[in-house]
Structures are given as structure tokens and as C-alpha cells.
Amino acid sequence: NNAIFVWHGHGAAGMIGYTNQDVLITSATVSSLASNSLSNVKIALLLTCNGGSTPTNGVSMVDAVNGRGAKCTVGWDVTINTQCATRWNQLFWEKLNDENETIVEGFRHADYWITDEYGSTIQTMFSGHRVERGDIYQNI
């Protein structure tokens, strides 16, 4: 009854999944869904460039998904490094899978180890530009 959605791919302000001008999902499309239609989503993790950025005259993907009932939605408001995003994602789920911790503890774990492996500039990218909506203190 509880879904987990992870998008690790292309994105821009107000959209995820574009390739050569083809857009898979826009924040306008998500916002047009029925209220609470995503209430079964425990976490939506948008590991994409600018998933937390707000487009002109629109809403961010993070706000759109959260606005349709997802319990927690996470994205970034900058261009993120793909290799580092893959590693951050591994570290995040490592903490949650092994120790049944809260989302925020997954953030702390991933942020700490990404700094150790890639340095403070990458850590700032992931912790300083993360956009979170909803309950980051829930267990997954």
C-alpha cells in the first residue's frame, strides 16, 4: 500500500524525463491529477537536475508531487552530477535498508559519505540544494 518512486534521469524545472525535447512528465500534468491521488507514495525521490526548481509561471515537480498527496518528496534545485547522484542514492538507501531509519537519517548518511568520497563541493550540491516537502522523519 505504500509506494516508493525514484527517478534517476534527465529533468529540468517543472519536468522529469526529457530527451531531445520529449517530456515524459511535467509538473502541470501531475498538478492536474485528482487530490490525494499520490497518497500511497511514501517517498518520491527525484534525482534529476532541477526537479526542485520552479519554472516560470508553474510549480516544481517536488511541489506538484507533494501537492497530490505524496508523504515526502525530494528533489534538487541545481544541475546535479550523474555519477555522484548514483552514489548518493546508494548511500541513502543503504542507511534506510540496513537500519530501518528515518528519511532524514538517510540524508545525513548520504551527505556525510558523499563528502568523504567526493569532497565538500559535491556535498554542498546535495545537501545545500536539496528541496524537501513532507515528512522527512518517517521510516520507510
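Let us look at the structure shown here. Because the structure is a prediction, the values reported are computed rather than measured. (Residues numbered from 1 in each chain as written. Predicted model: local features only at pLDDT ≥ 70, side-chain atom pairs only at ≥ 80, totals over all residues. Heavy atoms only, no water.)

**Brief notes about the sheet that holds strand E5 (residues 41-47)**
Pairing between the strands of a sheet is mediated by backbone hydrogen bonds and can be parallel or antiparallel. Strand order in the open sheet made by the four strands is E1-E5-E6-E7, with mixed pairing throughout. Either end of the sheet is taken by a strand with one partner, and the two such strands are strand E1 (3-8) and strand E7 (130-134). For this sheet, the mean inter-axis angle between neighbouring strands, taken without regard to orientation, is 5°. Note: E1 against E5, six bridges, orientation parallel. In the strand pairing of E5, Ile-4 is matched with Ile-43. Sheet strands touched by helix H3 (residues 82-99): E1, E5, strand E6 (72-76) and E7. Its angle to E5, the strand with the most contacts, is close to 155°. (Pairing = 2+ DSSP bridges. Helix = DSSP H or I, 4+ residues; strand = E, 2+ residues; numbered from the N terminus. Axes fitted to C-alpha atoms, helices over the stretch in contact; angles between N-to-C directions. Contact = heavy atoms within 4.5 Å.)

**Considerations on the nonpolar core**
Note on soluble globular proteins: their nonpolar side chains tend to be buried together. Residues Trp-88, Phe-92 and Phe-126 are the most contacted members of the largest nonpolar core, which totals 24 residues. Of all the elements in the fold, those that place two or more residues in this core are E5, E6, H3, helix H4 (103-118) and helix H5 (120-127). The biggest single contributor to this core is H3, with seven residues. Aside from chain neighbours lying at most four places away, what touches Phe-126 is Leu-47, Trp-76, Ile-80, Asn-81, Cys-84, Ala-85, Trp-88 and Asp-111. Formed by 11 residues, the second largest nonpolar core is a distinct cluster that contains Val-30, Val-65, Ala-70 and Val-131. (Core = buried A, V, L, I, M, F, W, Y, C linked by side-chain atoms within 4.5 Å. Buried < 20%, exposed > 50% of the residue type's maximum accessible area, 1.4 Å probe, protein only.)

**A closer look at the environment of Val-59**
With respect to the secondary-structure elements, Val-59 resides in the loop between E5 and helix H2 (61-67). Spatially, the C-alpha atom of Val-59 lies 8.3 Å from that of Ala-13, the residues being 46 residues apart in sequence. Excluding its chain neighbours within four sequence positions, the residues that come into contact with Val-59 are Gly-14, Ser-27, Ser-31, Thr-54 and Ala-64.

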